[in-house]
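Examination of the molecular architecture
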Amino acid sequence: MQEIGLVQLFEDHRDKLELSWEVALGTNRRIVLKESGNYGADVVGHMNLIHPERLQVIGPAEVTWLNRISSSQFAHQVGALVAAQPPALIVADNLPVPDTLQQICQDTQTPLLTSAKPCSAVIDLLRIYLSRRLADTTSAHGVFMDVLGMGVLITGDSGVGKSELALELISRGHGLVADDVVELARIAPTTIEGRCPGMLQDYLEVRGLGLLNIRTIFGETASRRKMKLKLIVYLQKPVSGTDAPRLPLDAQTQEILGVPIRKVVIPVAAGRNLAVLLEAAVRNTILQLRGIDSMQEFISRQQKALVLDEDL
């Protein structure tokens, strides 16, 4: 169960959303994502009596409705809402806070915030923020790279040459996200985002050379803050007595946080240019994402040739 404090959210968005804390200042209620697989939309939204556990955002439509109903209905509806102890109520669009609403929040010590930003902007920004902060997370061992604009996780056994491959890719103009430990978070139903732990930011460990500060050696463009994971490349050590398949007919995937990620296995052998092979794998994956599958095209061509031979 992931959660974040209201004070942290307020400090992170005080300037962006022009927030002011009107009632119950400093009350650090928790914003909780109770079920795995849920996202920002489940913890923030327009004022909703059916989902009182959400962060409630009040815009012009809600204020118009509150001002239109009778005082007894107002007290009953809002009283039921705050009784469920939502993390906070946010009155957006720089609207004046109805006196009754402010009094109820004061009596129950329910945090009440105001924002000068439009209601839709407040909800959209907080949903994105909370989706990232409350996302399912895990960590992976490997090197995470930006190769041709695609997030690529290079994995393999220790000593197989992951860092050396990453260094060559960086020298070819690609970017480093993280080395050794990669923090992965599912920020959307089918999207995994990878980041580098703060302690390891910009550093790459290469056997024999030690720790290299990639940003210092190669410049600002050699380092990335985050990327969406689209491809896993597994460097496979040669095993005596076995040969890697020349034509892997079935597309491989690996599940991370419940999301299937495309996977390519590259056998490691003396004389193989792994950087070129990885770039080719990335280019081929980009084509596949666009609906162009070279293997399937070849199989179709072969089947057509067989049909023609039978006709002859």
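Structure shown above.
Residues numbered from 1 in each chain as written. Predicted model: local features only at pLDDT ≥ 70, side-chain atom pairs only at ≥ 80, totals over all residues. Heavy atoms only, no water.

1. Structural notes on unusual backbone geometry
For Q109, which is not glycine, the phi torsion reads 55 degrees and is therefore positive. Mapped onto the elements of the fold, Q109 is located in the loop between α4 (99-108) and β7 (112-115). The phi angle at D202 is positive, at roughly 80 degrees, despite the residue not being glycine. (Helix = DSSP H or I, 4+ residues; strand = E, 2+ residues; numbered from the N terminus.)

2. A few points about the packing of aromatic side chains
Counted by the stated rule, this structure contains one aromatic pair. When the ring of F10 is compared with that of W21, the centres are 5.2 Å apart and the planes differ by 65 degrees; the resulting orientation is edge-to-face. With F10 in helix α1 (residues 6-13) and W21 in strand β2 (residues 19-23), the pair connects residues that are 11 residues apart, well separated along the chain. When its relative accessible area of 5% is taken as the criterion, F10 is described as buried. Among the residues examined, W21 registers a relative accessible area of 13% and is labelled buried. Between K263 and the ring centre of Y234, over which it is positioned, the NZ or CZ distance is 5.2 Å. (Phe/Tyr/Trp six-rings, centres within 6.5 Å; stacked < 30°, edge-to-face > 60°. Buried < 20%, exposed > 50% of the residue type's maximum accessible area, 1.4 Å probe, protein only. Lys NZ or Arg CZ within 6 Å of the ring centre and 35° of its normal.)

3. What about the sheet that holds strand β5 (residues 55-58)?
With mixed pairing, the five strands of this open sheet are ordered in space as β2-β7-β6-β5-β4. Only two strands of the sheet have a single partner each, and these edge strands are β2 and β4 (44-46). When the angles between neighbouring strand axes are averaged without regard to direction, this sheet yields 30 degrees. Alignment of β4 against β5, held across three bridges, turns out to be parallel. When the sheet's bridge partners are listed, H46 is paired in β5 with V57. (Pairing = 2+ DSSP bridges. Axes fitted to C-alpha atoms, helices over the stretch in contact; angles between N-to-C directions.)

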